[in-house]
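# Overview (structure and organization)
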Amino acid sequence: MADKVRKDAVEALQGLLFDGMTIMAGGFGLCGIPENLIAAIRSSAVKDLTVISNNCGVDDFGLGILLAGGQIRKMISSYVGENKLFAELYLSGKLELEFNPQGTLAERIRAGGAGIPAFFTRTGVGTLVAEGKEVREFDGELYVMERGLTADLSIVKAYKGDREGNLTYRMTARNFNPMMATAGKVCVAEVEKLVETGALDPDNIHTPGIYVDRLLEGVHEKRIEQRTVRKLEGAA
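Residues numbered from 1 in each chain as written. Predicted model: local features only at pLDDT ≥ 70, side-chain atom pairs only at ≥ 80, totals over all residues. Heavy atoms only, no water.

## Digging into the sheet that holds strand β6 (residues 135–138)
Short version of the rule: At least two bridges found by DSSP between two strands is the condition for calling them paired. Only DSSP runs of H or I covering at least 4 residues are called helices, and only runs of E covering at least 2 are called strands; the numbering of each starts at the N terminus. Axis lines are fitted to C-alpha atoms, over the contacting stretch for helices. Their N-to-C directions set the angle, which ranges from 0 to 180 degrees. A contact between two residues is defined here by any heavy atoms of the two lying within 4.5 Å.
Pairing in this open sheet of three strands is antiparallel, and the strands run β5-β7-β6 from one edge to the other. Sheet topology places β5 (118–121) and β6 at the edges, where each strand pairs with a single neighbour. Direction aside, neighbouring strands of the sheet carry axes that sit 40 degrees apart on average. Both β5 and strand β7 (residues 141–147) contribute to a ladder of four bridges, which runs antiparallel. Paired with A118 across the bridge in β7 is R147. Sheet contacts for helix α5 (residues 102–113): β5 and β7; angle to β5, the most-contacted strand, approximately 155 degrees.

## Looking at the pairing of β7
Across four bridges, the pairing between β6 and β7 is antiparallel. Paired with V135 across the strands is V144, a residue of β7. A loop of two residues connects β6 with β7, the two strands running antiparallel in sequence, and D139 in this loop sits at a positive phi of about 50 degrees.

## A few points about the pattern of salt bridges
Side-chain pairs of opposite charge can arise where the charged atoms are in close proximity. For clarity, the cut-off: Should a side-chain nitrogen of Lys or Arg be within 4 Å of a carboxyl oxygen of Asp or Glu, the pair is scored as a salt bridge. Residue exposure (1.4 Å probe, protein chains only): buried if accessible area is under 20% of the type maximum, exposed if over 50%, otherwise partly exposed.
Taken as a whole and assessed by the stated rule, the structure comprises 13 salt bridges. Of the charged contacts in the structure, one is a salt bridge between R110 and E107, with a shortest N-O distance of 2.8 Å. Of this pair, R110 and E107 both sit in helix α5, separated by three residues, roughly a single helical turn. Given a relative accessible area of 38%, R110 falls into the partly exposed group. On the basis of relative accessible area, E107 is assigned to the partly exposed category, the value being 27%. Connected via shared salt-bridge partners are R73, K74, E96, E98 and R108.

Have a look at this one:
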């Protein structure tokens, strides 16, 4: 089997990026985001991107640096609250935004990866979410049809990976990563720890290597999105 490991993010993305492409990016806030791959996309200067991600990082980190570089044309997301530039670009008409209830976004991605073109859900019926979409009645309840999502490229972040691309995620850093790994035509993963094939417990592999085309071992800053501390009792 061909070795999927690349020396860095630039090499891992070589030949995969083009203007106008759709990219899925794993992560939730700044947790479990593919930091190295995002930075390499920023350096590539590729533009007119459609990015599918729960949110868009913060103003100076994560996907926020692609917004700052003017590389993103459209976001398909469920939350924009931590990025001021995101809100400014959307309100000024410079960024297209497709809002999704968070569970609907997750299921749209899972469906796309499973080859399911569409599904029906009660979430969003009677709201702006359902405008322009088919609504159908099942067992006396109304459901709105949502389309599955796929992408030209999925970029994901895992805790450990082996040379065949099998991945394991750590705690909540798993978030959107496993489903996105299945929904891209090509999947590139960055891991904190690269191990030899056979070192991972087969029962604890979250993404089988068949879904992963390339991977790299990265160095991760792991910023804290919102630092909250509790004052110690008796402290001044």
